[in-house]
Structure formats: structure tokens, C-alpha cells
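Descriptive analysis of the structure
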Amino acid sequence: AAVKTYQFDVQVKNVSRLCHAKPIVTVNGMFPGPTIYVREGDRLLINVTNHAHYNMSIHWHGLKQYRNGWADGPAYITQCPVQTEQSYTYDINVTGQRGTLWWHAHIFWLRATVYGAIVIMPKQGSPYPFPQPDFEFNLLLGEWWNDDVEEVVKQGNKLGLPPKMSDAHTINGKPGPLFPCPEKHTHAIEFEQGKTYLLRIINAALNDELFFAISGHSMTVVEADAVYTKPFSTESILIAPGQTTNVVIRANQVPGRYFIAARPFMDAGLPIDNRTAIAILQYKGIQNTVIPSLPQLPALNDTSSALNYNSKLRSLNSPQFPCNVPLKVDRRLFYTIGLGVNPCPTCQNGTQLTASLNNITFVMPHVGLLQAHYSSVKGVFTTDFPDRPPTPFNYTGATFTNLQTTQSQLPRLSKIAFNSTVELVLQDTNLLSVESHPFHLHGYNFYVVGTGVGNFDSKKDPAKFNLVDPPERNTVGVPTGGWTAIRFRADNPGVWFMHCHLELHTGWGLKTAFVVEDGPHPDHTVLPPPKDLPPC
Ligand code: C2O
């Protein structure tokens, strides 16, 4: 296996969008940041040197980091941040995975501008399980604020309100023709008639689940979250923050210009954000100046399109890429998702927004949880996170009083026995909830065995679980007023973060972590920490 090295210099740079320049945090002065190319089985050494006056930490979203949470990146979970003018080398073995993933800052809201693609090529001689495309492109969907993002968040917190919405959605950092100054900031890709293209689509937006479509062209979905899927054809895809989707598309239309578009899915939310990011798809050799039309995107609140799209995602489940969904469950967890309001004496209106899992609002520690676990340091966290909410009730009915958010002194985590099989049902509640929650688990892929609207029924719903070819992912949407059930085998020891990938909700405390214990065999233990692990 080869060793691939990358140098990531974190630096502030002036970047202009929407006719407006501002300093942003970047990697190597690029926005979006550099793409990491690696082959399955290779070792990655990424040296991050921080020249910015912000603490930094980078997460390699979807890389499993077997026994090696030290390279996972979430600040104060697996490491302390890399401070100004300090360096840290992420040492990652890319084993058993191939496809599209991405990396992003995992501290505060810095991922607004600090993100990039990870492309893992399959092993030599191991072709894609679909016709080999001629060319490929990465398309990273994101959000842009004209104001300094840190200020935006501070302002929201001070008022006890959600921070100001972003000013644009972007494709590869560019908003496109529906926003100011499009002549400078529209991303374009070129197609050659008759060729086949692989598009690697990444949702790096902070707070919006997005529909994505290309006018005149249908797409074949072949992979989600770096796992091959049963191919299916679709006019649009749905992609939540954190998720990645690979589609194959044929350049078989009248040569000309077409629009690539991304727009939010607001679920049960108010149609407050209908801004569309656009990039251009242009056929080679065309001098065509006709303005293309927008592709057919599902309506903003088209829940049935969303459910329908998600129901088509299936594991490939072939002899070479089997589906290993656990059939027997050792540990059943049921977590309620709540958003609420807490008193806040320092906030302008005396309250602040807050979020919880099983009524618990996660408290961020000031030292790394993985270090504390590895060295058995006491008094950093407790392992009494409840397996279910304190009192069962009608989660999606009008029962505001039964769900509260409580703050503890220390972060409360859940301890999981090595190699046990876990089923986790995430149940949304009606408490202020207006959008689906994309839940991301670090250190693992999981199987999405079921989802539904209303209250999860532990008697009836498990009978409908898909235990044959459920999709395998690292991030899954929990529908508004509904539930999603996932299963995984806890074979990766360490401390693994799990959170809503809407930055807004993560910030309010919609997160927790699992402590997966070491196994009895020395090969089933957390590896020793690297020498240059940033000190706290
Ligand atoms: Cu993509 Cu914990 O994040």
C-alpha cells in the first residue's frame, strides 16, 4: 500500500462572493479546499498547520478510523484543537472503503468555509460495479454568509434566536446566476457528447437538506456515503448535510447549456428558504448563449418526494459487496430528539434555544474525551446516558411538558460492549421541530433498517424492517415528526461522536457520544495516541 501525504495550511484569505469580499478561513488559500485522492488500502498522512487565529480541528467525514479515533478530528471529543502556529498530522489507514467522502472543520461553525472532497479510488483491478464512466466531477454544495460567520452565530445566541440564515447556497463555492455578481461566481462543467460522467455530489451545507437536479438529464444513483447502492434512475436526488451521493449521467442530450441546481427541502418547515444555487453544464464546442431553464426540482416541502427518494436507496448486496446488517440485536436504544427553550439570564430576551437527546443537552468538555477514556482519567464524563427517555409519552402529539432539556455538569455518554450489535431508534418529537435531522455517527457506517412517520411502535414497526438490503450510510435523516431505525456492530473501539449534522442543532446540544469498549484481543483495542496529538 502507498503512503499519500498532504500539507494543509490553515490560513485566512480574502474571498469575494455576492459582490462582497470578506476574510475567510481556508485550507491552502482555496475555497472549497483541496481534494484528497487516495486509493483503498493506502495510508494518508495529512499535516494540518494552523496559521489562523482560530483553533482548528479537521474531521474526515465517513472514514472509519478503525481503532484510531485520534485521527477522527471532532474537537474535544477525540482531540484538542490545533492552536495557532501548531501542527498535527492525521495518520489514517483507508481500509475497506472506496467512494466519495469529504473533510471539514469540526469546531464551531468553521466548516462554513473549511471543507473539501475525499475521493477513494477502488483497489487496482477492482472495477466499479457499474459501467466505467469516462470522466468525473466533484460537486460540493454549500452555504455562504456575507457577514463573518462567527459574528452571525454570536448575534443569534445573544438574541436567543436562530442565527441569520445564509445569504446564498453554493455549488463548488459559487452561488450562480440567481445571485449578485454571477459573472464571477458561477461554477461550470463541460460535457462531451456521448460520454459518461460520474458526479460526486457532497452536501457541505451547514443547515439545509437539498434537492439536486440537472435540466434535461436523468441521473443513475450508484453510491451513497461511499457505499455502492443498487443503481436506480431519478430526475432529482435528496441529500442531507453530511451525505454524499455518486450519480452516473450520460451526455446524450441536444448539445447546449443546461442548469445544475440545488435548493432546500424544508420538510414540514416554513418555506422560508427557497434560494437556488446554480452551476452550468455545457457541451463541448457549443457557442450557444440560450439561457437554459431550471430543472424540475421537487417543491420545497415535498415530503412524499423525499420519502420516495429515500425508499429507493438499497445496498448493492452483491457477493463482492454483501450487506452485513446485524439480524440479532444485543442492545436496543431509543433516543428522542427534542428542540426547546431554556432560561438564559445573559440573553436579550431571557431565553435561549436548546436541543436534547433523551432530554439531555450535551455539555462540551474542555479536554478530549478519547484521551480521558484511553488513560482512564476520572471526572471528565459519565457513562450513564439513558437507553430510553425518562417517561414514554406521545412523542409527536401535543405534549410539550413531557420533554425537557436538562444540563449536567459532565458530558453523559453511553457505554457499548465491544462487538455487540446495536439498534438505535431516533424518534423526532413535535417540540419546535420543523425539519428533519440528519444524524451522523463517527467511526462507523450503519444500516438504515426502517423509517416512518409518527411514533415508533416497538410492537409493529420492527416487523417491517428491511433486513435484506437496507442502505449502509454514515448520515441519515430522521423525518420531522417521525423516526428512523439504524443497526450497527460495535466493532470499532473508541469514543465516537453522534450528532445532528445541522450546525444549528449541533450547537444547541443535539449530540452525544458512544464509548465503545476495547475487546479482549490486543487487536481489538484503541491504538496508542500519536506523539503530536495536540495538548489541551
Ligand atoms: Cu461531518 Cu461530526 O461531522
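About the cut-offs
- Residues numbered from 1 in each chain as written.
- Predicted model: local features only at pLDDT ≥ 70, side-chain atom pairs only at ≥ 80, totals over all residues.
- Helix = DSSP H or I, 4+ residues; strand = E, 2+ residues; numbered from the N terminus.
- Rg over C-alpha atoms; globule rule 2.2 N^0.38 Å.
- Buried ≥ 20, exposed ≤ 12 C-beta atoms within 10 Å, placed from the backbone.
- Contact = placed C-beta atoms within 7 Å.
- Pairing = 2+ DSSP bridges.
- Axes fitted to C-alpha atoms, helices over the stretch in contact; angles between N-to-C directions.
- Core = buried A, V, L, I, M, F, W, Y, C linked by C-beta atoms within 7 Å.
- pLDDT = per-residue confidence, 0-100.

Some points on the overall build of the protein
Regarding its fold elements, the protein presents four helices and 32 strands. Relative to the compact-globule value of 24 Å for 536 residues, the protein shows a C-alpha radius of gyration of 22 Å, a close match. With the principal axes as the frame, the protein shows a C-alpha extent of 65 × 55 × 55 Å. Counting the 536 residues in the protein, one finds 49% classified as buried. Of the contacts made within the protein by residues no fewer than 6 positions apart, 78% connect residues no fewer than 24 positions apart.

Points about unusual backbone geometry
Look at the link from F31 to P32: it is a cis peptide, with omega at -10°. With respect to the helices and strands, P32 occurs in the loop between β2 (20-27) and β3 (36-39). Here the phi dihedral of F108 falls at roughly 50°; this positive angle occurs in a residue that is not glycine. One can find F108 in the loop between β7 (99-105) and β8 (115-121). Take F108: there are 19 C-beta atoms within 10 Å of it, and that puts it in the partly exposed class. One non-glycine residue, N317, lies in the positive phi region at around 50°. One can find N317 in the loop between α2 (303-312) and β20 (331-343). Note on N317: 17 C-beta atoms within 10 Å, which makes it partly exposed.

Brief notes about the sheet that holds β8
The mixed open sheet is built from four strands, whose spatial order is β3-β8-β7-β5. Bordering the open sheet on either side are β3 and β5 (58-61), each of which pairs with just one other strand. With direction set aside, neighbouring strand axes in the sheet form an average angle of 20°. Pairing between β5 and β7: four bridges, direction antiparallel. Counted as the bridge partner of H59 is H104 from β7.

Quick notes on the nonpolar core
V48, L141, I237, V247, I486, W496 and A513 are the most contacted members of the largest nonpolar core, which totals 140 residues. Once residues lying within four places of it in the same chain are set aside, the contact partners of I237 are I201, F212, M219, V221, T245, V247 and Y309.

Things to note about the pairing of strand β21 (residues 351-357)
Extensive coverage of β21 is indicated by the burial of six of its seven residues. Relative to β21, β20 is paired through seven bridges, and the arrangement is antiparallel. Bridging across to β21, P343 finds its partner in T351.

Some remarks on the environment of P180
Locating P180 in the fold gives a position in the loop between β10 (168-171) and β11 (188-191). Expressed as a C-alpha distance, the spacing of P180 and R257, which sit 77 residues apart in the sequence, is 21 Å. With residues up to four places along the chain from it excluded, the contact list for P180 reads L18 and C19.

Topic: the confidence of the model for the protein
Of the residues in the protein, 96% have a pLDDT of 70 or more, and the chain-wide mean is 94. Scored as a whole, the predicted complex attains pTM 0.97, and scored at its interfaces, ipTM 0.99.

A look at the sheet that holds β11
The mixed open sheet is built from five strands, whose spatial order is β11-β19-β18-β13-β16. Both outer strands of the open sheet, β11 and β16 (236-239), are each paired with one neighbouring strand and no more. Sheet twist, expressed as the average angle between the axes of neighbouring strands with direction ignored, equals 20°. Of the strand pairs in this sheet, strand β13 (residues 210-214) and strand β18 (residues 257-264) are connected by five bridges, and their pairing is antiparallel.

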